[in-house]
Amino acid sequence: MDEQGRYETMASLKGKDILHGNQFSKKEIDSIMKVASDFEKELKKKDSLSLLKGKILATLFFEPSTRTRLSFETAMQRLAGGVISMASAESSSAAKGETVADTARTVSQYADVIVIRHPRIGSAKEAADAAPIPVINAGDGAGQHPTQALLDIYTIRKEQGSLKNLVVSMVGDLKYGRTVHALVELLSLSQAKLYFVSPSTLRMPEEITSNLRGKGVEVVETENLMEAASKSDLLYMTRIQKERFEDLSEYERVKGSFIVNGEFLKKLKKKITILHPLPRVDEISQDVDFYPGAAYFRQVRNGVFVRMALLAMILGKR
Amino acid sequence: MDEQGRYETMASLKGKDILHGNQFSKKEIDSIMKVASDFEKELKKKDSLSLLKGKILATLFFEPSTRTRLSFETAMQRLAGGVISMASAESSSAAKGETVADTARTVSQYADVIVIRHPRIGSAKEAADAAPIPVINAGDGAGQHPTQALLDIYTIRKEQGSLKNLVVSMVGDLKYGRTVHALVELLSLSQAKLYFVSPSTLRMPEEITSNLRGKGVEVVETENLMEAASKSDLLYMTRIQKERFEDLSEYERVKGSFIVNGEFLKKLKKKITILHPLPRVDEISQDVDFYPGAAYFRQVRNGVFVRMALLAMILGKR
Amino acid sequence: MDEQGRYETMASLKGKDILHGNQFSKKEIDSIMKVASDFEKELKKKDSLSLLKGKILATLFFEPSTRTRLSFETAMQRLAGGVISMASAESSSAAKGETVADTARTVSQYADVIVIRHPRIGSAKEAADAAPIPVINAGDGAGQHPTQALLDIYTIRKEQGSLKNLVVSMVGDLKYGRTVHALVELLSLSQAKLYFVSPSTLRMPEEITSNLRGKGVEVVETENLMEAASKSDLLYMTRIQKERFEDLSEYERVKGSFIVNGEFLKKLKKKITILHPLPRVDEISQDVDFYPGAAYFRQVRNGVFVRMALLAMILGKR
């Protein structure tokens, strides 16, 4: 198939908002993965591409997140685009009582695309409804963080070759972890078997679990990390946050049960992949970093390629 | 007239500071409007111009203002210039006791032009006196904010065709609102009739009112919004800030009297234009947004063109 | 010697970290000075060079420093590179308990070079050990700030023609001043005679003084500024910070003894150079600014050239 033909089979995201992990069709996900992979190859040959020259990205972080903000700002600049940035809400009109909708409409007079993080669920949708330009949700409280889910999928494909028939353990805080909520939606498209490994107080919301089962996904809930991990091709670790616990002794007890270290690794499948949305604290010990399947920093890098793909696609350049 | 001839009639702002709303001659204002209008047309054809490639703008915001900072940073980048930014004073040498003059002299070793916002009146002038490069005042406390006034003028010309013989109501906090102080200076150049509509505690400073009357401008002061609005071609709304009131019940009473909503609009001139420097809180209700004369978000966009014009002109590129 | 030959004699810093003031050989310092001087000349002809186009610098300031951060960001942009920036630690993953090493490894997935400032001594080294890309230490608490020392050397060479046989007074807080610690290391390579002028509670650490003497450097410690200054070719002034004193009356007494003003200047050598890493508070009065030897703002500008040289060299472009 010639180049023209190949791109005719691609989904278009031109002008679209990226708000929710389950907004994508299978074809759209495949297209995003393809474009991200193309960019990854091109960045091996040169430092940046000129695809978005003259375009401006606004990053609006009402809740700070250096990692996510810098990832998007890198993606934009690797495509030769410019960036305007609000790194924290203190310095915003929100402090003067402005609605998210008004802020989004204002900033859409400056920029060509907005990335927003906000502590309140639904806020990214409000911004998208108000703004005439595309809006990407980079986390809306306990809600969604769809680009994280996409970069996770991209990483799993690269590390494991395919998503088909994978056994995946999601580990840690499954109740509040928006990352895992969005990821399981995407994994449900490809016959994964899922272990949900968490303390009982931080279990995956019943609504998500039953929805998955309704789609025919095999789901096992357990507090036993070893049992799940030993059968898994992939461990998706998350941070258990102290502030989720009323009883600190309960936190200390629980935290210790969900730690992966070098000793633990030896009992798992040889080719297991370990992911983590980062930052990690104690749940993955430093000695794991040197294991070939420890993919969490490659995962960070993949985030740049996936976000480049999204920016280029919603701006109609791919 | 050929292109050469046309530009010979333009005022030059090369190397000048932009400090005060009334520093401009009529010819200078016309030139700024002309350049801004040219840029607006050019940006319809492409995403950015290369006029300031290699130049660097420093934005020094000792008092945060996301809106104004991002507007300037957008303007610079739409002209292909670079930006270095201090978004809040916390992270500045000011915390170590440095004077504004020293900060400005330091930053002028890095950048080609400085935009400064500072809570103290007169600070932008101090920066300009110390720095060998042009300085733009983006608000010095209760003092001036001249680029806001220029973008207001640009917007009024676009929305109403001309400034000539307009009836304008300035509404809300006229005592502390530096935006309206600068704007009335510029409006006084073109035979506007002005209504000053405010609670008695937030009236336009007597000095400004009598100065306007001295120039022959017709000024009416009132607390009756409907009376003024029904005769006006333009409503310039501003936010009434709670923190200006010692007596909160007085605030609640006053606030309610200066609100424009859809019902109110019906009683006004058909072609009325509504402006607001934003952010708004309750003084313009959401249903007004869809009215054709609601120009406050177009006003935001115009700010980019006007700031592009100022940056290009003081750097000698237009 | 032809151009090729000239560059063959240059030291390479490609891929290296810049962590400590005494990591450099004499040849490396000469090469940095040469490249900085070339850039200074080239920037007189145009606004920026395109040497680092497509490259990205990450500035990670866990402790805010507008001056140093903007200097690096300017240097990168004058070479056409891009910047991603964390201006303060509040907005960082550090707040979530991430180690400096993990932050550095994460950010090295985005950027081509990292500049880090952190309040803890040794932190820049940790970042450098963890990151696969070059790391520049822009201050690690009471530790090192090597680029300040290099720009000081660059400035002294320019102002005095050479470093050879200079008599230098280092004045103020010599105990905690990391700037002077790194600078004396570099000065020790060129037969300077050093006066250390400080209150007894803020003397140069004994370890540094005896190390210098061991290398044959002539060192005089005194509390008498006039005595030292009157014999000096160069005064290197530093700020005495109130927070170093338990007894505030002691602070007030001490502060007054280390002030340079116009009257004082008259008693010194005609061609004396006055440097200060800035920000200054009272230790150099404003009337000194207009003296030809007052080089502290030129020193700021030189910082851009030296940092351009370092960025270009460690990225293998010079």
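Every value quoted in this text rests on a predicted model; they were computed, and no experiment measured them. (Residues numbered from 1 in each chain as written. Chains lettered and ligands numbered in written order. Predicted model: local features only at pLDDT ≥ 70, side-chain atom pairs only at ≥ 80, totals over all residues.)

Student: Help me understand the overall build of chain A in this model?
Tutor: Each helix and strand in chain A was counted, giving 12 helices and 9 strands. For chain A, the C-alpha radius of gyration of 20 Å lies close to 20 Å, the compact-globule estimate for 318 residues. Evaluated residue by residue, chain A yields a buried proportion of 54% over its 318 residues. Pairs at least 24 apart in sequence give 73% of the contacts found in chain A among residues at least 6 apart. (Helix = DSSP H or I, 4+ residues; strand = E, 2+ residues; numbered from the N terminus. Rg over C-alpha atoms; globule rule 2.2 N^0.38 Å. Buried ≥ 20, exposed ≤ 12 C-beta atoms within 10 Å, placed from the backbone. Contact = placed C-beta atoms within 7 Å.)

Student: Would you mind going over the packing of helix H6 (residues 146-160) of chain A against helix H12 (residues 296-314) of chain A with me for this structure?
Tutor: A packed helix pair is summarised by two numbers, namely the angle formed by the two axes and the spacing between the axes. All names here are of chain A. Their axes nearest at 8 Å, the elements H6 and H12 cross at an angle of 115 degrees. Once H6 is placed against H12, the crossing between them reads as right-handed. In contact with Thr147, Leu150, Leu151, Tyr154, Thr155 and Lys158 of H6, H12 contributes Arg298, Gln299, Asn302, Gly303, Val306, Arg307 and Leu310. The class makeup of the residues in the contact of H6 with H12 is 5 nonpolar, 5 polar and 3 charged. (Axes fitted to C-alpha atoms, helices over the stretch in contact; angles between N-to-C directions. Left-handed = near helix turned anticlockwise from the far one by under 90°. Nonpolar A, V, L, I, M, F, W, Y, C, P; charged D, E, K, R; others polar.)

Student: Can you help me understand the relation of the copies chain C and chain B in this one?
Tutor: One chain copy maps onto the other through a rotation about an axis and a shift parallel to that axis. Screw-axis analysis of chain C against chain B gives a translation of 0.0 Å along the axis, an RMSD of 0.0 Å, and a rotation angle of 120 degrees. What the superposition gives is, in effect, a three-fold axis relating one chain to the other. Interface overlap between copies: only 5% of the residues of chain C at the interface are likewise at the interface in chain B, consistent with a contact formed by different surfaces. (Least-squares fit on C-alpha atoms with pLDDT ≥ 70 in both.)

Student: Can you help me understand the relation of the copies chain C and chain A in this one?
Tutor: You can overlay chain C on chain A at an RMSD of 0.0 Å; the transform is a turn of 120 degrees with a shift of 0.0 Å along its axis. The two copies present different faces, since only 5% of the interface residues in chain C are matched by interface residues at the equivalent positions in chain A.

Student: Is there a simple way to explain the interface of chain C and chain A in this structure?
Tutor: For an interface, size is often stated in terms of accessible area lost upon the parts coming together. Each partner contributes residues to the interface: chain C has 22 residues there, and chain A has 21 residues. When residues in the side of chain C that touches chain A are grouped by element, the largest group, 4 residues, is from helix H4 (residues 100-107) of chain C. When its residues are assigned to classes, the side of chain C that touches chain A shows 8 nonpolar, 8 polar and 6 charged.

Student: Is there a simple way to explain the interface of chain C and chain B in this structure?
Tutor: Across the boundary between the two partners, chain C contributes 21 residues, which contact 21 residues of chain B. Elements supplying a minimum of two residues to the side of chain C that touches chain B: helix H3 (66-78) and helix H12 (296-314) of chain C. In terms of residues, the side of chain C that touches chain B owes the most to one element, H3(C), which gives 7 residues. Here the side of chain C that touches chain B is composed, by residue class, of 9 nonpolar, 6 polar and 6 charged.

Student: In this structure, what is going on with unusual backbone geometry? I would like to understand it.
Tutor: Trans is the prevailing form of peptide bonds, just as negative phi is the prevailing case for residues other than glycine. Residues and elements named next belong to chain A. Cis peptide bonds are those with omega within 30 degrees of zero, and the linkage from Leu278 to Pro279 qualifies with -5 degrees. Of note, Pro279 is situated in the loop between strand E9 (273-275) and H12. One non-glycine residue, Leu278, lies in the positive phi region at around 60 degrees. Here Leu278 lies in the loop between E9 and H12. Looking at Leu278, the number of C-beta atoms within 10 Å reads 22, which means it is buried.

Student: Would you take a moment to explain helix H6 (residues 146-160) of chain B for this structure?
Tutor: An α-helix turns once per 3.6 residues; consequently, residues spaced three or four apart project the same way. All names here are of chain B. Relative to the 21 Å expected for 15 residues at 1.5 Å per residue, H6 spans 21 Å between its end C-alpha atoms, a close match to the ideal helical length. Taken across its 15 residues, H6 has 12 buried, putting it largely inside the fold. Among the residues making up H6, those that are buried are Pro146, Thr147, Gln148, Ala149, Leu150, Leu151, Asp152, Ile153, Tyr154, Thr155, Ile156 and Glu159. In this fold, the buried residues of H6 make contact with helix H2 (26-45), strand E4 (135-140), helix H7 (178-187), strand E8 (234-237), strand E9 (273-275) and helix H12 (296-314). (Expected span 1.5 Å × (residues − 1).)

Student: Could you clarify how one ought to interpret the packing of helix H3 (residues 66-78) of chain B against H12(B) in this entry?
Tutor: Residue and element names in this part refer to chain B. Close contact between H3 and H12 brings their axes to 8 Å; oriented N to C, the two are set at 60 degrees. In terms of orientation, H3 lies oblique with respect to H12. When you trace H3 past H12, the crossing you get is right-handed. Across the interface between the two elements, Ser71, Phe72, Thr74, Ala75, Met76 and Arg78 from H3 touch Gly303, Val304, Arg307, Met308 and Leu311 from H12. The class makeup of the residues in the contact of H3 with H12 is 6 nonpolar, 3 polar and 2 charged. (Parallel < 35°, antiparallel > 145°, perpendicular 65-115°, else oblique.)

Student: Honestly, the pairing of strand E8 (residues 234-237) of chain A in this entry has me stumped. Any pointers?
Tutor: Regular strands place side chains that alternate from one sheet face to the opposite one. All names here are of chain A. The alternating pattern of E8 places Leu234 and Tyr236 on one face and Leu235 and Met237 on the opposite face, and all of these are buried. Relative to E8, strand E5 (residues 167-171) runs parallel, the two sharing 4 bridges. Each residue of the ladder has a partner; that of Met170, found in E8, is Tyr236. (Pairing = 2+ DSSP bridges.)

Student: Which parts of the structure should I look at to understand the domain arrangement of chain A?
Tutor: Residues and elements named next belong to chain A. In terms of domains, chain A is made up of domain 1 (3-144 + 303-314) and domain 2 (146-299). The C-alpha-based centres of domain 1 and domain 2 are spaced at 26 Å. Facing 22 residues of domain 1, the contacting portion of domain 2 comprises 16 residues. Going through the elements one at a time, helix H2 (26-45), strand E4 (135-140) and H12 are the ones with two or more residues in the side of domain 1 that touches domain 2. Looking at the side of domain 1 that touches domain 2 element by element, the count peaks at 5 residues for H2. Of the residues in the side of domain 1 that touches domain 2, the class split is 11 nonpolar, 8 polar and 3 charged. (Domains from an automatic or database assignment.)

Student: Before we go on, may I ask you to explain the sheet that holds strand E2 (residues 82-86) of chain C in this structure?
Tutor: Adjacent strands of a sheet form backbone hydrogen bonds with each other and so pair up, either parallel or antiparallel. Residues and elements named next belong to chain C. Within the open sheet, the 4 strands sit side by side as E2-E1-E3-E4. Their pairing is parallel. The sheet is open, and its two borders are formed by E2 and strand E4 (135-140), each paired with just one other strand. If you compare each strand with its neighbour and ignore which way they point, the axes differ by 15 degrees on average. As defined by bridge partners, strand E1 (residues 56-61) adjoins E2 across 5 bridges and the pair is classed as parallel. Residue pairing in the sheet places Leu57 in a bridge with Val83 of E2.

Student: I keep staring at the environment of Asn224(A) and nothing clicks. Help me out?
Tutor: Residues and elements named next belong to chain A. Looking at where Asn224 falls in the secondary structure, it is placed in the loop between strand E7 (218-222) and helix H9 (225-229). A residue is classified by how many C-beta atoms lie within 10 Å of it, and Asn224, with 11 of them, is exposed. Taking the C-alpha atoms as reference, Asn224 lies 32 Å from Pro119; in sequence the two are 105 residues apart.

Student: Would you explain the confidence of the model for chain A in this entry?
Tutor: Low-confidence regions, as indicated by low pLDDT, have predicted coordinates that should not be scrutinised in detail. Residues and elements named next belong to chain A. Of all residues in chain A, 96% attain a pLDDT of 70 or more, and the chain-wide mean is 92. Every residue in residues 1-5 is under pLDDT 50, and counting partners more than four places away or in other chains gives 1 contact. Here the prediction assigns the complex a pTM of 0.95, and the interface score ipTM is 0.94. (pLDDT = per-residue confidence, 0-100.)

Student: What is the right way to look at the sheet that holds strand E5 (residues 167-171) of chain B in this model?
Tutor: All names here are of chain B. With respect to topology, 5 strands assemble into an open sheet ordered E7-E6-E5-E8-E9, the strand pairing being parallel. In the strand order of this sheet, the two ends are held by strand E7 (218-222) and E9, each with one partner. The mean angle between the axes of side-by-side strands here comes to 15 degrees, regardless of whether they run parallel or antiparallel.

Student: Which parts of the structure should I look at to understand the pairing of strand E6 (residues 193-197) of chain C?
Tutor: All names here are of chain C. In terms of burial, E6 is largely enclosed, as 4 of its 5 residues are buried. As defined by bridge partners, strand E5 (residues 167-171) adjoins E6 across 5 bridges and the pair is classed as parallel. If you follow Val171 over to E6, its bridge partner there is Val197. Pairing of E6 with strand E7 (residues 218-222), which is carried by 5 bridges, proceeds in the parallel orientation. The partner of Val197 across the bridge, within E7, is Thr222. Tracing the backbone out of E6, into helix H8 (residues 206-214) and back to the parallel element E7 gives a crossover that is right-handed. (Right-handed = clockwise from strand over helix to strand, strands pointing away.)

Student: Sorry if this is basic, but what is going on with the environment of Tyr176(B) here?
Tutor: Residues and elements named next belong to chain B. By secondary structure assignment, the location of Tyr176 is in the loop between E5 and H7. Measuring from C-alpha to C-alpha, the distance between Tyr176 and Glu73 comes to 26 Å, with 103 residues separating the pair along the chain. Beyond its immediate sequence surroundings of up to four residues, Tyr176 is in contact with Ala142 and Arg244.

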